[in-house]
Amino acid sequence: DKKSKRVAFIVNHHGPLPVDSGGVGGGDATAYNLLRIFGQHAQAGDALVLVGDLNAGAGSRTQRALGERMHRVNSNWVDAIYSSCAGAAVKEEAVLANGGSDHNALFATLEF
């Protein structure tokens, strides 16, 4: 936002297969690596947003570990949007129809 100089630091992730495995290091390692990216590159006060096909369901270790540090704003199947902001910051969210993919599109409006 140019007026407030607030930054939204957004990371897009496509998770490892097979679904819910977390890849070679497992779900905790995948979540840790994503959170490490925020820690290494975001600045204090940045609004953090993670989006993507995590290849991990809502009950997976990857999503549970992410949920310990971030707020799940929206999710459907293995796709999710997480943010450092929650509650009143989430103005709207929806699962939209797919656009020719085997995944539905996720939508969220966040106010920082």
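Our subject in this report is the structure included herewith. Predicted, not measured: the structure shown is a model, and the values here were computed from it.

Observations concerning the pattern of salt bridges
Under the criterion given, the structure shown has 3 salt bridges. In this structure, Arg-61 and Asp-28 form a salt bridge, with 2.6 Å as the shortest nitrogen-oxygen distance. One end of the pair, Arg-61, is in helix α2 (residues 61-67); the other, Asp-28, is in helix α1 (residues 27-41), and 33 residues separate them in sequence. Judged by its relative accessible area of 29%, Arg-61 is partly exposed. Note on Asp-28: relative accessible area 40%, which makes it partly exposed. With its nearest N and O atoms 3.2 Å apart, the salt bridge here joins Glu-68 to Arg-61. Each of Asp-28, Arg-61 and Glu-68 takes part in a single network of salt bridges with overlapping partners.

Quick notes on the nonpolar core
With 15 residues, the main nonpolar core has Phe-38, Leu-50, Leu-66 and Tyr-82 as its most contacted residues. Elements supplying a minimum of two residues to this core: β1 (8-14), α1, β2 (47-53), α2 and β4 (79-83). Per-element accounting of this core gives the leading share, 3 residues, to α1. Non-local contacts of Leu-50, meaning those with residues more than four positions away in its chain, are made with Val-11, His-13, Leu-34, Phe-38, Leu-66, Met-70, Ala-80, Ile-81 and Tyr-82.

Comments concerning the pairing of β2
The side chains of a regular strand alternate between the sheet's two faces. Across the 7 residues that make up β2, a large majority, 6, are buried. Pairing between β1 and β2: 7 bridges, direction parallel. The partner of His-13 across the bridge, within β2, is Gly-52. The parallel pair β1 and β2 is bridged by α1, and the resulting crossover is right-handed. Note that β2 and β4 share 5 bridges and pair antiparallel. Across the sheet, Val-49 pairs through a bridge with Ser-83, a residue of β4.

Some remarks on empty space enclosed by the protein
Under the definition given, this model contains 1 cavity of 30 Å³ or more. Computed from the structure, the largest cavity encloses a volume of approximately 30 Å³. Contributing to the lining of the largest cavity are Pro-16, Asp-20, Ser-21, Gly-22, Thr-30, Leu-54, Asn-55, Ala-56 and Thr-62. Each residue belonging to the lining of the largest cavity can be placed in one class, and the counts come to 3 nonpolar, 5 polar and 1 charged.

Conventions used here
- Residues numbered from 1 in each chain as written.
- Predicted model: local features only at pLDDT ≥ 70, side-chain atom pairs only at ≥ 80, totals over all residues.
- Heavy atoms only, no water.
- Salt bridge = Lys/Arg side-chain N within 4 Å of Asp/Glu carboxyl O.
- Helix = DSSP H or I, 4+ residues; strand = E, 2+ residues; numbered from the N terminus.
- Buried < 20%, exposed > 50% of the residue type's maximum accessible area, 1.4 Å probe, protein only.
- Core = buried A, V, L, I, M, F, W, Y, C linked by side-chain atoms within 4.5 Å.
- Contact = heavy atoms within 4.5 Å.
- Pairing = 2+ DSSP bridges.
- Right-handed = clockwise from strand over helix to strand, strands pointing away.
- 1 Å grid on protein atoms, 1.4 Å probe; cavity = no way out; pocket = protein on both sides within 12 Å on 5 of 7 lines; lining within 4 Å.
- Points joined across faces, edges and corners; volume = space filled by probe spheres on them.
- Nonpolar A, V, L, I, M, F, W, Y, C, P; charged D, E, K, R; others polar.

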